[in-house]
Amino acid sequence: MMRLKGLALRYKLFLGLAIVGGISLVAVYFLATHFILDDVKVFLVSENASLVGDLREQLVTFYARSGEWDGVEEIFDACINPGWHGGGYGARGGATGRFQWGDHVLLTDPSGAILYASSEDLARDILSVSRLSKGLPILVEGKEVGRLFTGAMLDRFSGLEEDLLISVRRSVAVTAFISLLVATVVGLLLLRLITAPFGRLIRATQTISGGDLTHPIAIETRDEIGELSQVLDNLRMNLARSEDVRRHMLADIAHELRNPLAILRAKVEAMLDGVQPTSEETLGSLNEKLQHLSHLVDELQDIALAEAGELPLNLASLDLVELLHDVEGDAQALFAGDEKEFRLEIPPHLPLVRADRRRLLQILWNLLSNAIRHTTVGSVVTVRVETHPEEVLIHVIDTGEGMDEETLAHLFDRFYRGTGDRASGGLGLGLAITKELVRAHGGKIWVESHPGAGTRLSFTLPL
């Protein structure tokens with residue numbers, strides 16, 4: 001068993017096919033031999049029956065004249081081929097010769113009692129009911145008075161007949177052997193065709209595991225191997241994309257940390273050297289940079305905890321109407337300062353939701369901040385709420401610039417920043433955190449947008 005585990009896949013498949021093919025061919029050989037020999041034996045029986053037609057008529061005449069079978073061996077003695085010699089035995093021990101239709105002939109009464117046998121072996125035979133039925137009935141005035149058997153009817157064949165049966169067996173065996181050779185050659189070719197793609201996939205996987213993600217995997221078929229190749233190529237592209245995101249993430253984190261830290265270091269050194277006075281304005285600037293760094297660290301921690309499923313949530317029954325009106329008051333002032341309009345559309349009798357108030361506010365403000373960055377003066381941002389049997393659906397809709405397909409595909413990726421985000425200095429973490437927060441609440445979030453037609457960001461919350 002351990003040796004089999006170490007065999008290559010092609011050899012395991014070939015061994016399995018060889019075992020199945022060998023067993024199948026053996027079964028086919030025996031079945032084919034059985035049925036073909038049965039047909040040949042039926043043919044020989046019919047041929048024997050035609051050869052003893054004259055003898056049968058003579059036996060009918062003999063019994064019709066004498067009314068019994070005494071002296072019937074004379075009939076068989078009269079049928080001896082003068083050119084043949086040998087020692088047969090009659091029912092009464094009289095000498096006979098070989099018959100021209102074969103070496104064996106037997107006469108019985110209707111019950112199976114032997115009246116004449118051409119040899120001692122036949123004289124000792126006990127006929128079964130099934131074998132008795134194979135004999136040729138001898139009818140006198142419609143009454144059966146005996147049965148005549150030739151060798152073929154008793155499965156005792158002449159030398160020529162035996163040669164014919166052996167030839168049939170040999171022909172079936174040769175055919176089976178040739179079939180086995182053909183099946184082996186075809187099987188080897190098929191195994192090579194089947195296993196060759198696996199070799200290519202193994203080499204491609206080794207290339208990927210070695211860190212080379214630049215070579216696409218060829219998809220040559222549309223079967224399961226082709227599907228596996230497609231899946232592996234998708235994995236390669238996802239790994240390449242993840243590697244690209246990782247590199248950009250490290251670069252963005254370094255960039256976000258480097259500038260505030262450089263500024264903090266320069267100002268602190270200037271104050272220590274007495275070049276810059278330690279004023280309230282200077283300390284306020286330093287505090288602003290520290291808050292920026294603290295916010296970045298908090299966002300990184302939140303998204304790490306959310307992705308690990310360990311983000312703590314203080315879930316409770318929450319009045320969504322009250323929370324949205326609180327958001328509306330702050331949003332109205334914020335949007336009015338940017339000369340944009342904020343609208344809130346809430347249906348009557350809004351049910352309670354189960355959520356963490358602080359995190360839900362974070363979700364809403366992340367979405368509203370995204371809407372502010374991607375809208376211009378005079379744009380309208382609407383928060384619309386819909387109720388469903390098991391959840392509440394919240395839309396944040398803006399009439400801004402919209403997004404292209406590439407931006408939509410990466411909108412919730414970490415550190416992905418569109419043109420507007422880069423221009424506004426966004427960190428590229430807000431929507432990624434928003435997605436994880438919605439998932440942590442048991443909801444889902446998605447986006448619909450077209451360039452120049454605005455954006456609709458929607459998420460659900462369970463009741």
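Residues numbered from 1 in each chain as written. Predicted model: local features only at pLDDT ≥ 70, side-chain atom pairs only at ≥ 80, totals over all residues. Heavy atoms only, no water.

## A short note on the confidence of the model for the chain
The predicted coordinates should not be examined in detail at positions where pLDDT is low. This is how the line gets drawn: The score called pLDDT rates the predictor's confidence residue by residue, from a low of 0 to a high of 100. Contacts are assigned to residue pairs that have any heavy atoms within 4.5 Å of one another.
In the predicted model, the chain carries a mean pLDDT of 78, and 85% of its residues have values of at least 70. Taken as a whole, residues 81-98 scores under 50 in pLDDT and shows 36 contacts with residues more than four places along the chain or in a different chain. Counting contacts from residues 420-427, a segment whose pLDDT is below 50, to residues more than four positions away or on other chains yields 16 contacts.

## What about the side chain of threonine 375?
Here is the rule we go by: For the purposes of this entry, the term helix denotes a DSSP run of H or I that reaches at least four residues, the term strand denotes a run of E that reaches at least two, and both are numbered from the N terminus. Polar contacts, as counted here, are pairs of nitrogen or oxygen atoms within 3.5 Å of one another; within protein the pair requires one atom able to donate a hydrogen and one able to accept it, and residues that are adjacent in sequence qualify only if both atoms are side-chain atoms.
Tracing the backbone shows threonine 375 in the loop between α11 (357-373) and β10 (380-387). Polar contacts involving the side chain of threonine 375 include one to the main-chain carbonyl oxygen of alanine 371, which spans 2.7 Å. Within the structure, threonine 375 has its side chain in polar contact with the backbone oxygen of isoleucine 372 (distance 3.3 Å). What threonine 375 contacts, discounting residues up to four positions off in sequence, is Lys340, Val381, Asp398 and Gly400.

## Points about the sheet that holds strand β8 (residues 341-345)
By definition, the strands of a sheet pair up through backbone hydrogen bonds, in either a parallel or an antiparallel sense. Heads up, the rule is: In this scheme, strands are said to pair when DSSP sees at least two bridges between them. Lines are fitted to the C-alpha atoms to define the axes, a helix being fitted only along its stretch in contact, and any angle between axes, read from their N-to-C directions, falls within 0 to 180 degrees.
Ordered by their spatial adjacency, five strands build an open sheet running β8-β10-β11-β13-β12, and the pairing between neighbours is mixed. Both edges of this open sheet fall to β8 and β12 (445-449), since each of them pairs with a single strand only. Along the sheet, successive strands turn relative to each other by an average axial angle of 15°, direction set aside. Where strand β11 (residues 391-398) and strand β13 (residues 455-462) come together, eight bridges link them in antiparallel fashion. Bridge pairing links leucine 393 to threonine 460 in β13. Helix-sheet contacts for helix α10 (residues 320-337) involve β8, β10 and β11, and the interaxial angle to β8 is about 170°. Where α11 meets the sheet, it contacts β8, β10, β11, β12 and β13, and its direction lies at approximately 175° from that of β13.

## Digging into a nonpolar patch on the surface
This is how the line gets drawn: Only residues whose relative accessible area exceeds 30% and that form no salt bridge are eligible for patches; like-charged ones are grouped when within 9 Å, while nonpolar side chains (Val, Leu, Ile, Met, Phe, Trp, Tyr) are grouped when within 5 Å. To measure how exposed things are, a 1.4 Å probe is used in the Shrake-Rupley method; for residues, cover is taken only from the protein chains shown. Counted as salt bridges are all cases of a side-chain nitrogen of Lys or Arg within 4 Å of a carboxyl oxygen of Asp or Glu.
Side chains of Leu13, Val174, Phe177, Ile178, Leu180, Leu181, Val182, Val186, Leu190, Leu193 and Ile194 sit close together on the surface and give an oily, nonpolar patch of about 960 Å² of accessible area. The element best represented in the nonpolar patch is helix α7 (residues 159-209), accounting for 10 residues. Looking at the secondary structure, you find valine 182 in helix α7.

## With respect to the packing of α11 against helix α14 (residues 430-440)
Going by this rule: Each helix crossing is assigned a hand: it is left-handed if the near helix lies turned anticlockwise from the far helix by less than a right angle, otherwise right-handed if that turn is clockwise. Three classes are used: nonpolar for Ala, Val, Leu, Ile, Met, Phe, Trp, Tyr, Cys and Pro, charged for Asp, Glu, Lys and Arg, and polar for all others, with Gly counted as polar.
Two elements in contact, α11 and α14, have axes separated by 9 Å at closest approach and are oriented at 145°. The two elements α11 and α14 meet at a crossing, and its hand is left-handed. For the pair α11 and α14, contact is made by Arg359, Gln362, Ile363, Asn366, Leu367 and Asn370 and by Gly430, Leu431, Ile433, Thr434, Leu437 and Val438, respectively. Each residue belonging to the contact of α11 with α14 can be placed in one class, and the counts come to six nonpolar, five polar and one charged.

## Remarks on the packing of aromatic side chains
One pair of aromatic rings is described through two measures. These are the centre distance and the angle between the planes. Note the threshold: Two rings belonging to Phe, Tyr or Trp (six-membered ring only in the last case) form a pair when the distance between their centres is within 6.5 Å. Interplanar angles under 30 degrees mark stacking, angles over 60 mark edge-to-face geometry, and anything in between is tilted. Summary of the burial criterion: residues with accessible area below 20% of their type's maximum are buried, those above 50% are exposed, and those between are partly exposed, where the area comes from a 1.4 Å probe applied to protein chains only.
Under the criterion given, the structure shown has three aromatic pairs. For the ring pair tyrosine 63 and tryptophan 69, a centre distance of 4.9 Å and an interplane angle of 40° mean the geometry is tilted. Consider the rings of phenylalanine 335 and phenylalanine 342, whose centres lie 5.6 Å apart with planes at 50°: the pair is tilted. Of the two residues, phenylalanine 335 and phenylalanine 342, neither departs from the other in class, the shared state being buried. Taken together, the aromatic side chains of Phe62, Tyr63 and Trp69 make up a single cluster linked through ring pairs.

## Some words on the environment of isoleucine 219
Within the secondary structure layout, isoleucine 219 lies in the loop between α7 and α8 (224-273). A residue is classified by how much of its surface remains accessible, and isoleucine 219, at 38% relative accessible area, is partly exposed. Through-space distance from the C-alpha of isoleucine 219 to that of proline 197 is 9.7 Å; in sequence the pair is 22 residues apart. Once you skip the residues sitting within four places of it in the chain, isoleucine 219 turns out to touch Gly226, Ser229 and Gln230.

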